Amino acid sequence: MSRLVIQTPGRAEQTVEGLYHDLERRIAVAPSGNCPVELTGAFLRLCLAQSCGKCVPCRVGLAKMSEIIDKILDGRGTEDDLDTLYYSAQSISDSADCAIGHEAARIISDGFAAFKDDYLSHIHNGRCISSFAAVPCVTNCPANVDIPGYISLVRAGRYADAVRLIREDNPFPSVCGLICEHPCESHCRRNIVDTSVNIRGLKRAAIENAGVVPPPACRPDTGKRVCVIGGGPTGLTCAYFLRLMGHKVTVYERRKRFGGMLRYGIPRYRLPAAYLDADIDAILATGVEAHTGVDVGKDISFEQIMEDFDGVYIAIGAHSYKMPGIPGEDAEGVLSAVELLRAMGDDEPMDLKGKHVCVIGGGNVAMDACRTVLRLGAASVRCVYRRRREDMTALEEEIAGATEEGVELVTLSAPVRVNTDEKGRVSGLVVQPQMPGDYSRGRPAPKKADAPEQELKCDIIIAAIGQAIDFGNLREAGVPEKMGKLQTERTGEVAGKNGVYAGGDCASGPATVIKAIQAGKIAAANLDEFFGYHTVVDQDIEIPTADFRFKTACGRCNMTERPPLERVKDFELVENNMSAEEASQECSRCLRCDHFGYGGFRGGRIRW
């Protein structure tokens, strides 16, 4: 008789595994507007289900806390129950035998500190104070674009109307159709069924098929004049919306072309100039007065602007750069990614043919630098990063694209100095091997490994570790700054400067294009309010009626790319557009949360 048998998963085990995968998807797409108390209770019950039950704090304590949360959610709780919940969490955290009980108790403690008001609202008012995110994609889009609306228009073949609807909230549809980081997809409810709708791809499909769409008509002239300092995405967005509201707008841009970091920080293979120029032309066609090559503080004083205009929006971006601060970084052959990409924006590419290049950094700018250098003829490119690949802040598709084209990732390697030859030129980058350490801000911090330093032979070193803000003459004009950024209120108004607003990278620090657009849109609305108006920009576009369809699982249509060996030879657009058939199918995957999915729940959600 055999002693052992080969274990195979039974039906129950396979079903439970499937349930875990379903749970993973639902947690990943849970909108931030969910009732935090209800969500805490659900997490607590999940921890209780995972408990081994050997220690009393975990077995009994977690069950008791779950009962208290249910009591509070049912409207039967008191402030005494809240005290019991808090002190129980503290006791379990200190006495649980393993991490299951400790981490479960931490969930309660952290939540108690973060949203105690929600607990009290349930106790005193019987409802939550959080707002349920009925349309997660719209909620998670910083510009609050009507995403289900334009997807339904694309499905109906009304591409021009789709572009008009996007421009109601975002004047850069062409740009965002190519390079937006699409935070809207992160909580798309379609993830519950299979995976998120390709929202960015459908935006591009609308652009590619719409042709030239004229800008909307402007409201009657109000007589108010606004000066926008900076012609990047946030400055032009503010100018666009102010002009639609009927205010006169003048934009001063220091460089010879508009676009800011869209032109001087994003390579052409990701964002061809024609797409950027199409959006800028549509913005200027509203009647925005545009001036390039004007340096505020030199060519015109800030005081003169304050005298000539009723309102000001400072949108100077973050066009300076940071260096790693290591010995030898001033050697010939060391430059920043900002300098490299700025030269590309001015159509003055650097000659890097045959060069061996090291790029320091792990963000999207580092990937842009690596891939640009390859296209400029470099013999080899290595991306040096002090953390692991999975800790890189660059989008995974950007990292994959770079490695496909031949970029070598040198991870867990911290630059320590630059070696030079007898003429003072770069000869190599010395790195110290690292290993992952304790977590800090959601990622394991690197720490020095017990290993010798290594030299990476190279001719050029490019630093892509961050951007900085060049305040120019704004300091002398008394515009306040704090911690390397302009000091503003939450409304965008500059502290102590009535009628002066600031936004984008110069106020928030380097961020994404969609966040820059959000800042410009908010500033325009607040300047309009400052002038005594409350103008609402509305294109009055009829959205197709949502039809009820049985939503079966269906694969997502992803954007394809040109072959690596082909695309690395030029600066033509890497990404291919969707076909009409693909776009139609992708549109049909949208669950139309703008129509379905409302309702009231125990967590206190209210009907919108």
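Every chain begins its residue count from 1, and numbering advances along the sequence as written. Given that the model is predicted, a residue must reach a pLDDT of at least 70 before its local features are reported, and side-chain atom pairs must reach 80 or more before they are shown or counted; all residues, however, enter totals for whole chains, interfaces and linings. For side-chain calculations, the full set of non-hydrogen atoms in the structure is used, while hydrogens and water are omitted.

Visitor: What's the story with the pattern of salt bridges in this structure? I'm lost.
Guide: Oppositely charged side chains may form a pair once their charged atoms are brought near each other. Whenever a carboxyl oxygen of Asp or Glu lies within 4 Å of a side-chain nitrogen of Lys or Arg, that contact is scored as a salt bridge. Considering all chains together, one arrives at 37 salt bridges under this definition. Salt-bridge contacts for Glu575 lead to Arg204; the nearest nitrogen and oxygen are separated by 3.9 Å. Here the residue Glu575 occupies a position in the loop between helix H21 (564-567) and helix H22 (580-588), and Arg204 occupies one in helix H11 (residues 199-210), the gap between them amounting to 371 residues. Exposure class is identical for Glu575 and Arg204. Each is buried. Where Arg592 meets Asp594, a salt bridge forms, and the shortest distance between an N and an O atom there is 2.9 Å. On the accessibility criterion, Arg592 (10% relative accessible area) is buried. Secondary structure counts use DSSP, requiring at least four H or I residues in a row for a helix and at least two E residues in a row for a strand, with both numbered from the N terminus. Each residue gets one of three labels from its accessible area relative to the maximum for its type: buried under 20%, exposed over 50%, partly exposed in between, using a 1.4 Å probe on protein chains only.

Visitor: Can you help me understand the nonpolar core in this one?
Guide: Inside soluble globular proteins, nonpolar side chains tend to come together where they are buried. Working definition of a nonpolar core: buried Ala, Val, Leu, Ile, Met, Phe, Trp, Tyr and Cys residues. They are joined through side-chain atoms within 4.5 Å. Among the nonpolar cores identified, the biggest contains 73 residues, and Ile147, Tyr150, Ile151, Phe172, Leu262 and Leu271 are the most heavily contacted of them. Top element by residues in this core is helix H12 (residues 233-244). It accounts for 7 residues. Those domain boundaries reflect an automatic or database domain assignment. Viewed by domain, this core spans two of them, domain 2 (136-213 + 553-602) and domain 3 (225-319 + 469-530), each represented by three or more residues. With near-sequence residues (within four places) excluded, Tyr150 lies in contact with Val145, Ala162, Leu165, Ile166, Ile199, Leu202 and Lys203. One finds Ala337, Leu340, Val357 and Val359 within the second-largest nonpolar core, a separate group that totals 27 residues. Any pair of residues with heavy atoms lying within 4.5 Å of one another is described as a contacting pair.

Visitor: What's the story with the side chain of Lys203 in this structure? I'm lost.
Guide: Looking at the element boundaries, Lys203 is found in helix H11. A residue counts as positive if it is Lys or Arg and as negative if it is Asp or Glu; His and the chain ends are not included. Buried charge without a salt bridge: Lys203, with Glu185 as the nearest opposite-charge side chain at an N-O distance of 7.8 Å. Among the polar contacts made by the side chain of Lys203, one reaches the side chain of Tyr150 at a distance of 3.3 Å. In this view, Lys203 contacts Tyr150, Ile166, Pro173, Cys176 and Gly177; residues no more than four positions away in its chain are not counted. Any N or O atom pair separated by 3.5 Å or less is treated as a polar contact, with the protein-specific requirement of one donor-capable and one acceptor-capable atom, and with residues adjacent in sequence counted only for side-chain atom pairs.

Visitor: What is the right way to look at unusual backbone geometry in this model?
Guide: Excluding glycine, most residues fall at negative phi; most peptide bonds, likewise, are trans. In this model, Asn144 sits at a positive phi of 55 degrees, which is unusual for a non-glycine residue. Its location among the elements puts Asn144 in the loop between helix H7 (136-140) and helix H8 (147-155). Despite not being glycine, Arg592 has its phi angle at roughly 55 degrees, a positive value.

Visitor: In this structure, what is going on with the domain arrangement of the protein chain? I would like to understand it.
Guide: Size of an interface, as often reported, equals the accessible area lost when the parts are brought together. According to the domain assignment, the protein chain contains domain 1 (34-125), domain 2 (136-213 + 553-602), domain 3 (225-319 + 469-530) and domain 4 (321-468). Between domain 2 and domain 4, the C-alpha centre-to-centre distance is 33 Å. In this assembly, 9 residues from domain 2 lie in contact with 12 residues from domain 4. By buried area we mean the combined loss of accessible area, with a 1.4 Å probe, across both parts when two parts are placed together. Around 870 Å² of area is buried between domain 2 and domain 4 when both sides are counted, 53% of it from carbon and sulfur atoms. For the domain 2 face of the interface with domain 4, the top three residues by lost area are Arg567, Val568 and Phe571, together amounting to 55%. At the boundary of domain 2 with domain 4, the tally comes to 2 salt bridges. The salt bridge involving Arg567 is made with Glu404; its shortest N-O contact spans 3.0 Å. Gly falls in the polar group here, along with every residue not listed as nonpolar (Ala, Val, Leu, Ile, Met, Phe, Trp, Tyr, Cys, Pro) or charged (Asp, Glu, Lys, Arg). Across the side of domain 2 that touches domain 4, the residue classes break down as 4 nonpolar, 1 polar and 4 charged.

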